[in-house]
Amino acid sequence: WAAEDPHAGHMTMATTETPPLLPVGDLPTGRALPALQKLKNQSNPAGQFQATLTAAPRTVQFKPGLDTVVWAYNGQTPGPLIEIYEGDVLEIRLVNQLAQPTTIHWHGLPVPPSQDGNPGDEVAPGAERTYRFALPAGSAGTYWYHPHPHGHTAEQAFMGLAGPLIVRSRLDPLAGMPEQHLVFSDLKLGADGKVVGNNDMDWMNGREGQFVLVNGALQPVITADGMQRWRLWNMCNARYLNLSLGGQPFRLVGTDGGLLEHARAITQLLLAPGERAEIVVMGNSEVSLQALAYDRGMMGDAPPPQTLTLAKVTLSGGATRPIPSHLRQITPLSPGGAQKRVVFSEQMNMAGGVHSMTPLVNGKSYDMNRVDLVSQRGVVEAWSLVNDSDMDHPFHLHGTQFQIASRTRNGQTVPEPFLAWRDTINLRPNETVVIHVVQPQAGPRMFHCHILEHEDRGMMGILSVV
Ligand code: C2O
Ligand code: CU
Ligand code: CU
């Protein structure tokens, strides 16, 4: 499979034009938001969760009568919802029925490195393996899983392989509030019904399709009776979602790694690729859930950013109750160990009259045989994440949740008004974000840009935790 890799190396990319796309009006809209299918626990003893995820091609019809081949976990895209509790032990058998190697990475969870689906730890076509790990106390939050094979993460994700995972706490202050789950994914469909492969522009800017789906549906209808807790996942390869509910305020109550200390009233929420959030919505009106135009600095002749309608929302008043004023305690991490600097940059190349861009971390492309950074297990460190480029890049680190300590943009301090646990943080151009982070387990961990095209093209490094 390496031989036919169209983006092997990182300088030359095959020039692939985009075939005619399916017109946006061709997909049906307006059905009720499909509920996510839950992965069924095959095990009886309490505290154990056992199940199989089979990655395989499957034919679906986004447009009635037009076949589309997707790659799906257990035939579902988005993949089935894994719902578990803090303290549970998970055993997930991955069966690979794809024609290429794959892995499952548990984005955001403190999974031992050997169980975290790292690139280089692939399951061959036709083979299988079981991932086994326990979920520690304090890990309640909104996570996801997706493939992470060397060089093919973007492709496997845009073909449909990604699914949500919720870790619940038995002491959840919002328990009992009705929940709604919204998985956002991006779809680029050809007029022939095929999922379109990436062209040069996609490899440079990150891929965006003509459709953004919510739980696999285009512009579904969401009905919220009273107050609802929404969990949001941005599973798009590269699309930023600057979410708005028609300007209506809603409450941010959680980020990647679970609840905030206090609910915060906001009217807009930027979810970079890979990020998740929990919000509480209420009110009495019909609004659109929109992704407002957001300029992430795409290069070349990319179209200007547009506002998209993601869903129609009917908020129907109903019973509300106050959100508890204290959701949980987040203790600030205080760094005592080494400091690190991670610089995202882009190297512009010109070959045969064609511009291309190579995304780099600390001036280098990913090398699976090179350790880029070394951290000591259990020691809190301060990392300066620097975006020395003209495009936004979402930084992601495996194996732990971190806190933002400070942020400066063009030399000016940008206040960071609240503590939160995150595993993915957007870096705007000319921005430096300092995070405080500690790795609880030894072994190799990946850090990378979560624009998956950038990650596949080398905007990734290896942290060795010793
Ligand atoms: Cu969500 Cu290294 O990935
Ligand atoms: Cu991850
Ligand atoms: Cu990037």
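Residues numbered from 1 in each chain as written. Chains lettered and ligands numbered in written order. Predicted model: local features only at pLDDT ≥ 70, side-chain atom pairs only at ≥ 80, totals over all residues.

By the naming in an unreviewed UniProt entry, the protein is Copper oxidase, taken from Silvimonas amylolytica. A UniProt comment under Subcellular location (unreviewed entry) is attached to the protein, and it reads "Cell outer membrane". (UniProt positions renumbered as here; feature names shortened; annotations may be inferred.)

UniProt's entry tags residues 58-170 and 349-463 with the feature "domain: Plastocyanin-like" (unreviewed entry), counted in the numbering of this structure. Secondary structure content for residues 58-170 is 5% helix and 42% strand, and the end C-alpha separation is 37 Å. End-to-end, the C-alpha atoms of residues 349-463 are 28 Å apart, and along that stretch the chain is 4% helix and 50% strand. (Helix = DSSP H or I, 4+ residues; strand = E, 2+ residues; numbered from the N terminus.)

This brings us to the domain arrangement of the protein. Partitioning the protein into domains gives domain 1 (24-168), domain 2 (179-316) and domain 3 (339-465). For domain 1 and domain 3, the distance between their C-alpha centres works out to 25 Å. For the side of domain 1 that touches domain 3, the leading source of residues is helix α1 (residues 153-158), giving three residues. Taken together, the residues that form the side of domain 1 that touches domain 3 break down as six nonpolar, eight polar and one charged. (Domains from an automatic or database assignment. Nonpolar A, V, L, I, M, F, W, Y, C, P; charged D, E, K, R; others polar.)

Below, the discussion takes up the sheet that holds strand β18 (residues 276-281). Here seven strands make up an open sheet; going across it, the order is β11-β10-β9-β13-β18-β15-β16 and the pairing mixed. Each edge of the sheet is formed by a strand with only one pairing partner; in this case those strands are β11 (217-218) and β16 (258-266). (Pairing = 2+ DSSP bridges.)

Attention now moves to the sheet that holds strand β6 (residues 128-134). Spatial ordering of the open sheet is given by β2-β1-β4-β6, a layout of four strands whose pairing is mixed. Two strands in the sheet have a free side with no partner beyond their single neighbour: β2 (66-73) and β6. The sheet shows a mean angle of 25° between the axes of neighbouring strands, taken without regard to direction. Judged from the seven bridges that link them, strand β4 (residues 89-96) and β6 form a sheet pairing that is antiparallel. Counted as the bridge partner of I92 is Y131 from β6. (Axes fitted to C-alpha atoms, helices over the stretch in contact; angles between N-to-C directions.)

This part is about the environment of H181. Examined against the element boundaries, H181 turns out to sit in strand β9 (residues 179-187). C-alpha separation for the pair H181 and W233, spaced 52 residues apart in sequence, amounts to 8.3 Å. Among all residues touching H181, those that are not within four sequence positions of it are L36, L81, P164 and R231. (Contact = placed C-beta atoms within 7 Å.)

With respect to the element layout, H450 can be found in the loop between β30 (443-449) and α3 (452-456). Note on H450: 27 C-beta atoms within 10 Å, which makes it buried. Along the primary structure H450 and E275 are separated by 175 residues, whereas in three dimensions their C-alpha atoms are 9.1 Å apart. If we skip the residues at most four places from it in the chain, H450 touches A272, P273, G274, P394, H396, T424 and E455. (Buried ≥ 20, exposed ≤ 12 C-beta atoms within 10 Å, placed from the backbone.)

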